[in-house]
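Architecture and fold: a report
Next come the chains, spelled out residue by residue.
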Amino acid sequence: MTFSIFEGQEASQVIFQFKAKPPAVNFKLTGETDGIFQIQSDGLLYHNKALDREKRAVHRLQVSTLDAQGATVEGPVPITIEVKDINDNRPMFLQQKYEGSVRQNSRPGKPFMYVNATDLDDPATPNGQLIYEIVIQLPKINNVMYFQINNKTGGISLTVDGSRELDPLKNPSYNLVVSVKDMGGQNENSFSDSTSVDIIVKENIWKAPEPVEIVENSIDPHPIKITQVQWNEPGAQYSLVDKEKLPKFPFSIDQEGGIYVTQPLDREEKDSYVFYATATDEGGKWLSVPLEIRVKVKDINDNPPTCPSTVTVFEVQENENIGSNIGTFIAHDEDEENTVNSILGYRIVDQNPKFPKEGLFLVQTYSGVFQLAAQSLKKQDTPQYNLTVEVADKDFKTLCDVQIHVIDINDQIPIFEKSDYGILTLAEDTAVGSTILTIQATDADEPFTGSSKILYSITQGDSDGRLGVDTDPQTNAGYVIIKKPLDFETAAIHDIVFQAENPEPLVYGVNYNTSSTATFKLIVTDVNEAPVFSQRIYQAKVREDVAIGTEVGNVTARDPENLDISYSLRDDRRGWLKIDPVTGQISTRAPLDREAESMYVVHVVATEIGTHARLSTKHTNFEERVYNVPIRIKDGGRPPLERVVSLPVIFCKCVDGSCFLPAGHHSGMPTVGMAVGILLTTFLVIGIILAVVFIRIKKNGGKDNVETAQASEAQPLKN
C-alpha cells in the first residue's frame, strides 16, 4: 500500500485504519518509522510529528497482526509513505561573491563564467525550479546592458552592445547583482536570494593584423609567413575562410595562428586578397567573430609597354597650320597605375617618307599628343606618312607604328553639267516613286570623301515637297523622284531650282555660286478625277412606319475640277428610297418593312455634269452654203484649260424636211434628199467633235464615284 502526505502537516493525523481477522487482536508497525509513525491496537495508522521531505522523502513500513499471545497471525504487509514537497526552502547561492573576467570583443552570448544556487525543495516541482536575473549593472553607460545571463544555467555572457563597446581603457571592471528565484520566478510567493559578481575586462588579443604587402613574383622558397593571429586562451583551432571563392587559394594557417603565402603572386593577375581567420573551440564553434586579413600585392616593373593597336591611324588636313594637334597616342602598361613602373615616355624614331623633309611631326613626351611640327602638308605631295614611335618605361622599350593620312580639304564647289534641264510635262496621276529626271553635278575634291560627295536639294518651285532628289554615292548623279502626288488644280506649273552642296563645310573664303544651281520646268496636266464623297459610309436610323417622303439622310460629294454633280441611287432592290439629284437628299418613296430587311443597303452614285452643248440659229436669213463656226471650249479647272474648234455647218432650203436644188441651177445644186442627208450628217459631225473635245474632261463617258448609304435601326445619319 502507498500513501502520499504533504510535509509540514500537523501531528496526530490518521493515515489509514487496518482491520484484523480473528484470532488476531493486535497490530505491529516496523520499518523506517523514525519515531513518527505509530499504529494503535484498533488498527489506526497515524503520524505524531510533522513530516520533512528534505530529511526523508520516502518511509518504508511493514504492518503485521498478532494474537493474544503476541504471535504473528498475518503479515508483514509493506506500506510506502511518500512525503510530498512544499516550498519551504529558499534558494541559496553557493557563493556570496563571484569573480570573473572577460576579453573585449568576445563573442556575444558565449558564457565566460557561471553563478550557481541550490534549493532543497523538489527540483521536479516548481518549488525547486530556479530562475536567474541580472538586477544591477555598475556602471551602466547610456542605460545599455553590456552583460546578460542565461536564466536557467546562470551562465553570464556579453550582449551585442557589450561585445562592441567593452574597452579596458575606458572601464576596466564592472559589478553585477544577480538574483535567483524559485517557483520559476512566476509566483509572488517565490523565495529569492542574490549575490555580487565582479568582472574584470581584459584586452582582447584576437585582433585583425595590419594589412600585409607581398612583392609579386617572389623567388624565395614558399610557404612564407606573412602575419600572425592569436586567440586569448590556449587550445583554439585556427582556419582560413576564402571570401572570394578563388579557384586556387594561395594562403594557409598553422595551429599557432601563423598565416603563410603558399606560392608566388602576380599583381597583374590579382592585385589584392581579402579573407578571414577564425578561431573555434573543441566543438567547432566560433570563439569570436572572424578576423579580416588583407593582403596587397606589391608591383614590380615586370611588364613592357604595349601599343594600343597594330597600327594607329591619324588624319591631318592639307594646309593645316603648324602646331595643330593631329591626335593622341596612348600606349598601355600592365604595371600598377600612377607609379614609376607605368609612367610612359614617347619619342618618334623614324619617319617614312622623309619628303619634303624630316621632322614634319613631333609627339609630346608624356601626353602622347601628336602635332604638325614643320610645315603644312599637301596631299598631292605625299598622301600618307609612316612613323615609328618608341614607348618606354624605366626598364622597357617598345616600338609602335603610326600612320598619318593627309586628307583633302573642301575647297571645290559642285558644278552642274548644265544649268537648265528643260521642260517636262507629266499627268497629275503619275505614280508616286517614279523617277522623272536625272541631274548631274561634279566636284573636283578627292573622290568618295565628304568634300566631294554631292547632296541635292530643291530650293524653289516645290513648296509642298512633292519632289525629292536621291544621290547615287558612286556617280553623284541625282535622281528626281515624285514623293507626293502631283495636283494640277493646286499648281500646274513648277519652276524648279536645284542646289548642289557638300556635306563637309567649305574652307574659309570658298562659297557656293550659280554654278551649283540648275533650273527645270515641270508642267502638270489635268486628269479628269472622279467626285469625292465627304464620307465613305452614311447611316440612318428610321422607324418602319414612317410616312412616304420622310427624309432619312443627305449625302455630299465634291468634284476636284469643280464641276456640278448629279446624284443617283444604285441597288435600291425594293424601291424603298429616292434621292434628289441636285441636293443629295435621300427620302422614302415606299413603305418600309423591318421584318423583310432590318438593314437596307443602297449605293449612291455621284456623276459629273457639263458634257454636251446645243447649237442654234438666231435668224433664218442664211445663204445656202457651208459656214465654219468657231467654238471656244474650256473646263472648270484652276486655271481653266480651253480650246477653239471650227465646226462646219451647211445651210440649204428645205421642204418637208428634205433639201433640194431649184430647177435651172447647175448640177452641183443638192436635191431635197441630199439636203436632208447633209443636215443629218452635220449634226452627227457636231456630236463627234464635241465627244473628241470633251474626251479629256469625260474619260470613258465621264467618271462616277459610288458611296454606300444604309437605312437601319442602329445609327444616326452622319453628314
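Procedures and definitions
- Residues numbered from 1 in each chain as written.
- Predicted model: local features only at pLDDT ≥ 70, side-chain atom pairs only at ≥ 80, totals over all residues.
- Heavy atoms only, no water.
- Helix = DSSP H or I, 4+ residues; strand = E, 2+ residues; numbered from the N terminus.
- Buried < 20%, exposed > 50% of the residue type's maximum accessible area, 1.4 Å probe, protein only.
- pLDDT = per-residue confidence, 0-100.
- Contact = heavy atoms within 4.5 Å.
- Pairing = 2+ DSSP bridges.
- Salt bridge = Lys/Arg side-chain N within 4 Å of Asp/Glu carboxyl O.
- Disulfide = S-S within 2.5 Å.
- Patch = residues over 30% accessible without salt bridge, like charges linked within 9 Å, V, L, I, M, F, W, Y side chains within 5 Å.
- Areas by Shrake-Rupley, 256 points an atom, 1.4 Å probe, with all protein chains shown as cover.
- Phe/Tyr/Trp six-rings, centres within 6.5 Å; stacked < 30°, edge-to-face > 60°.
- Lys NZ or Arg CZ within 6 Å of the ring centre and 35° of its normal.
- Axes fitted to C-alpha atoms, helices over the stretch in contact; angles between N-to-C directions.

1. Points about the overall build of the protein
- Along its length, the protein carries 2 helices and 51 strands.
- By residue count, 38% of the 719 residues in the protein fall in the buried class.

2. Quick notes on the confidence of the model for the protein
- The share of residues in the protein with pLDDT of 70 or more is 89%, and the mean pLDDT across the chain is 87.
- Confidence over residues 710-719 falls short of pLDDT 50; this stretch has 38 contacts with residues more than four positions distant or in other chains.

3. A few points about the environment of Arg570
- Mapped onto the elements, Arg570 comes out in strand S43 (residues 565-570).
- Distance from Arg570 to Val602, taken between C-alpha atoms, is 6.1 Å for residues 32 residues apart in sequence.

4. Brief notes about the sheet that holds strand S13 (residues 147-149)
- Strand order in this open sheet of 3 strands is S10-S14-S13, and the pairing throughout is antiparallel. Each edge of the open sheet is held by one strand with a lone partner, namely strand S10 (113-114) and S13.
- Looking at chain direction, S10 and strand S14 (residues 155-158) are connected through 2 bridges and run antiparallel. In the sheet register, Met113 faces S14, and the bridge partner there is Ile156.

5. A look at the pattern of salt bridges
- Summed over all chains, the structure comprises 27 salt bridges.
- In this structure, Asp350 and Lys354 form a salt bridge, with 3.4 Å as the shortest nitrogen-oxygen distance.
- With a closest N to O distance of 3.6 Å, Arg466 and Asp464 form a salt bridge.
- Given a relative accessible area of 14%, Arg466 falls into the buried group.

6. Observations regarding the state of the cysteines
- Scanning the model with the defined rule gives 1 disulfide in all.
- Covalent S-S linkage joins Cys307 and Cys400, the inter-sulfur distance amounting to 1.9 Å. Note on the Cys307 and Cys400 pair: the S-S dihedral is about -95°, so by sign convention the disulfide is left-handed. Taken as a pair, Cys307 in the loop between strand S23 (291-298) and strand S24 (311-317) and Cys400 in strand S30 (residues 397-407) lie far apart in primary sequence, 93 residues in all.
- A relative accessible area of 27% means that Cys307 is categorised as partly exposed.

7. Quick look at a nonpolar patch on the surface
- Together, Val135, Ile136 and Leu138 give the surface a local cluster of nonpolar side chains, amounting to about 250 Å² of exposed area.
- Within the fold, Val135 resides in strand S12 (residues 131-138).

8. What to know about the packing of aromatic side chains
- All chains considered together, the criterion is met by 23 aromatic pairs.
- Each member of the aromatic cluster is reached from another via a ring pair, and the members are Phe112, Tyr146, Phe147 and Tyr174.
- Its guanidinium or amino end placed over the ring of Tyr273, Lys270 lies 5.4 Å from that ring's centre, counting from NZ or CZ.
- The ring of Tyr627 carries Arg625 above its face, with NZ or CZ at 3.8 Å from the centroid.

9. A short note on the sheet that holds strand S2 (residues 13-17)
- Here 3 strands make up an open sheet; going across it, the order is S2-S5-S4 and the pairing antiparallel. Lying at the two open borders of the sheet, with one neighbouring strand each, are S2 and strand S4 (37-39). This sheet shows a mean twist of 25° between the axes of neighbouring strands, independent of strand direction.
- Where S2 and strand S5 (residues 44-47) come together, 4 bridges link them in antiparallel fashion. Bridge pairing in S5 links Phe16 to Leu45.

10. As for unusual backbone geometry
- A cis amide bond links Pro22 to the next residue, Pro23, at an omega of 10°.
- Here Pro23 shows up in the loop between S2 and strand S3 (26-31).
- Cis geometry is adopted by the peptide bond preceding Pro223, which originates at His222 and carries an omega value of 5°.
- Note that Pro223 resides in the loop between strand S17 (212-215) and strand S18 (224-228).
- The backbone of Asn142 shows a phi angle near 55°, a positive value even though the residue is not glycine.
- Looking at the element boundaries, Asn142 is found in the loop between S12 and S13.
- For Asn142, a relative accessible area of 71% puts it in the exposed group.
- In this model, Lys245 sits at a positive phi of 55°, which is unusual for a non-glycine residue.
- Along the polypeptide, Lys245 turns up in the loop between strand S19 (237-242) and strand S20 (251-253).
- Look at Lys245 and you get exposed, because its relative accessible area is 65%.

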